[in-house]
Amino acid sequence: MSEQSTDLRETVRRRYAEAALKVTEDTAACCGPQPVESDENFGSTLYAAAERDALPTEAVAASLGCGNPTAVAELREGERVLDLGSGGGIDVLLSARRVGPTGKAYGLDMTDEMLALALDNAAKAGATNVEFLKGAIESIPLPTDSVDVVISNCVINLSVDKAAVFAETFRVLRPGGRIGVSDVVADDDLTPDQRAERGDYVGCIAGALSFAEYRAGLRAAGFTGIEITPTHPVAAGMHSAIVRATKPETTDTPARAAEPAQACCGVDACCTPDETSADPGLTVAQAKAASGCGCRS
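Residues numbered from 1 in each chain as written. Predicted model: local features only at pLDDT ≥ 70, side-chain atom pairs only at ≥ 80, totals over all residues. Heavy atoms only, no water.

Draft legend 1. Molecular detail of the packing of aromatic side chains. Per the counting criterion, the structure on display carries two aromatic pairs. Relative to Tyr 214, the ring of Phe 166 lies with its centre 5.4 Å away and its plane at 50 degrees, an arrangement referred to as tilted. A residue pair is termed long-range when its members are at least 10 positions apart, and Phe 166 in helix 6 (residues 162-172) and Tyr 214 in helix 8 (residues 211-221) qualify at 48 residues. Residues Phe 170 and Phe 223 carry aromatic rings whose centres are separated by 5.2 Å and whose planes lie at 90 degrees to one another, so their mutual orientation is edge-to-face. Of this pair, Phe 170 sits in helix 6 while Phe 223 sits in the loop between helix 8 and strand 7 (224-235); the two residues are 53 residues apart in sequence, bridging distant segments of the chain. Exposure remark for Phe 223: the relative accessible area of 3% places this residue in the buried category. (Phe/Tyr/Trp six-rings, centres within 6.5 Å; stacked < 30°, edge-to-face > 60°. Helix = DSSP H or I, 4+ residues; strand = E, 2+ residues; numbered from the N terminus. Buried < 20%, exposed > 50% of the residue type's maximum accessible area, 1.4 Å probe, protein only.)

Draft legend 2. Representation of the environment of Gly 100 within the structure. Summarising the element assignment, Gly 100 is placed in the loop between helix 4 (90-99) and strand 2 (104-109). A relative accessible area of 8% means that Gly 100 is categorised as buried. Sequence spacing of Gly 100 and Glu 79 is 21 residues, and the spatial spacing of their C-alpha atoms is 8.3 Å. Those residues within four positions of Gly 100 in sequence are excluded, and the remaining contacts are Glu 77 and Asn 129. (Contact = heavy atoms within 4.5 Å.)

Draft legend 3. Quick peek at the nonpolar core. Among the nonpolar cores identified, the biggest contains 30 residues, and Leu 82, Ile 179 and Tyr 214 are the most heavily contacted of them. Where this core is concerned, the elements lending two or more residues are strand 1 (80-84), strand 2, strand 4 (147-153), helix 6, strand 5 (173-186), helix 8 and strand 8 (238-246). If we ignore the near neighbours within four places in the chain, the residues touching Ile 179 are Val 150, Thr 169, Leu 173, Leu 218, Phe 223, Val 243, Arg 244 and Ala 245. If you look at the next biggest cluster of nonpolar residues, it comprises 15 residues, including Val 99, Phe 132, Val 149 and Ile 151. (Core = buried A, V, L, I, M, F, W, Y, C linked by side-chain atoms within 4.5 Å.)

Draft legend 4. The arrangement of the packing of helix 6 against helix 8 in detail. The contact between helix 6 and helix 8 brings their axes to 9 Å, and the two run at 45 degrees. Considered as vectors, helix 6 and helix 8 are oriented oblique to each other. Remark: the crossing between helix 6 and helix 8 carries right-handed chirality. Judged by residue contacts, Phe 166, Ala 167 and Phe 170 of helix 6 engage Tyr 214, Gly 217, Leu 218 and Ala 221 from helix 8. Among the residues forming the contact of helix 6 with helix 8, the class breakdown is six nonpolar, one polar and no charged. (Axes fitted to C-alpha atoms, helices over the stretch in contact; angles between N-to-C directions. Parallel < 35°, antiparallel > 145°, perpendicular 65-115°, else oblique. Left-handed = near helix turned anticlockwise from the far one by under 90°. Nonpolar A, V, L, I, M, F, W, Y, C, P; charged D, E, K, R; others polar.)

Geometric descriptors of this kind do not, in isolation, establish any biological role.
Here it is, written out as structure tokens:
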């Protein structure tokens, strides 16, 4: 990774760490947590009131997205769903309700402060079918073909390696799996410099792909049935959009090398019913906690 990319990633991490801490600090105050994002184009106002009212106020306050991916992902009972850049957990908790007790919702985030907030929110919500993982969306700590749906809310535009995000998303989806993503997308005639003039990188503007670039990136990763539907403007020539695509039931991609037994989180057969601690002296829960990946279940 280049020095510039490293700096951008750290800027993003710091921005979201500060947002999580603000919610935590507000919770301790007499008036409770206030929304981190109050712009009408971003944040919790993009969710229905009934959805907001059913969740901990801290999860709602920490919402920074540009849409509501759970409303378009068509989640079904028993499915396994992964939220890329899960933040305070609003979309994970909503997904968990939709997939029910026989399903599971994973949240992936690189920010310790957001993971801590999300775990608190899951406990307050009484959600037992959720798991939060620490990691980068360019290197997802889940096995190949392990989830049915991948969602994300205005996070892919923040990545410094979007091709890796698309490839990793394709890898973890089972054949026939799908994505339902909310993201910022630019008109095709806007250059990268023109996008940067409309907003900064951490503000979800400068790093946005164009419609054509987004389609090309998903196609290169192997996705089919790609649909990108703008929902509302966020800047001149920049739109919040719903992105849908599918991993084919069968692919012509070369067979992948066998994954290591310890796929993630300090356990063997991670994230499956057969998972066991890689260290015989630790329980699965202890191994996950020791690994620092944010897993708790």
